[in-house]
Amino acid sequence: SDTTMGRFLHFFDTLEEKRRLSHIKGLMALAAADGHIDDCETDIVAEVAERLHITDDEVKRIFKHPESIKFEAPESEDERLLLLYDYVVVMLADKVIEQHELSFCYNTVEKLGFKREFAHEIISKIVSDRDHKVPMDTTLQEVAEILHR
């Protein structure tokens, strides 16, 4: 019947939303890792939220109650790479990459299911590509190649 179908569609909607919120939650945790969230970092998180079609209200809620969202790594590699890319971009927002942010990023590489031995190379690549204004999809493509050597 129609009602069953509607229920499933709704289920997928909320699943998708959970995943997007999880993505943002991870970014916020990173932004908050240095004990305070800079406006610049907030802007980048907002930018990512917009890319994921997350409303300002949702973002505010996440900032207020980050513990209310569980972090789940996406299944697809592309999505996980994008998440890592966003992490590094947020790290770069305040132009100083702190040691704890870096180790957070290394752990993130592992949490996202990538091999830790690639962490340094991948992160350095994202950092230098951003410096040289390399388009995101080019970087992601090349990072994927590093992972599959």
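Heads up: the structure comes first, above all this text.
A few points on the structure. (Residues numbered from 1 in each chain as written. Predicted model: local features only at pLDDT ≥ 70, side-chain atom pairs only at ≥ 80, totals over all residues. Heavy atoms only, no water.)

For the chain, the count of helices and strands is seven helices and zero strands. Its helices and strands in sequence order give the chain the pattern α-α-α-α-α-α-α, from N to C terminus. Across the 149 residues in the chain, those meeting the buried criterion constitute 39%. Long-range contacts, defined here as pairs at least 24 residues apart, represent 69% of the contacts in the chain between residues at least 6 apart. About 9,000 Å² of surface is accessible on the chain, with carbon and sulfur atoms providing 54% of the total. (Helix = DSSP H or I, 4+ residues; strand = E, 2+ residues; numbered from the N terminus. Buried < 20%, exposed > 50% of the residue type's maximum accessible area, 1.4 Å probe, protein only. Contact = heavy atoms within 4.5 Å. Areas by Shrake-Rupley, 256 points an atom, 1.4 Å probe, with all protein chains shown as cover.)

Turning to a negative patch on the surface, a few remarks are in order. Taken together, Asp-39, Asp-43, Glu-47, Glu-50, Asp-56 and Asp-57 make up a surface patch of like negative charges. Of all the secondary structure elements, the ones that give two or more residues to the negative patch are helix H2 (39-51) and helix H3 (56-64). At four residues, H2 tops the list of elements feeding residues into the negative patch. Looking at the secondary structure, you find Asp-57 in helix H3. For Asp-57, a relative accessible area of 58% corresponds to the exposed category. (Patch = residues over 30% accessible without salt bridge, like charges linked within 9 Å, V, L, I, M, F, W, Y side chains within 5 Å. Salt bridge = Lys/Arg side-chain N within 4 Å of Asp/Glu carboxyl O. Lys, Arg positive; Asp, Glu negative; His and termini not counted. Charge placed at Lys NZ, Arg CZ, Asp CG, Glu CD.)

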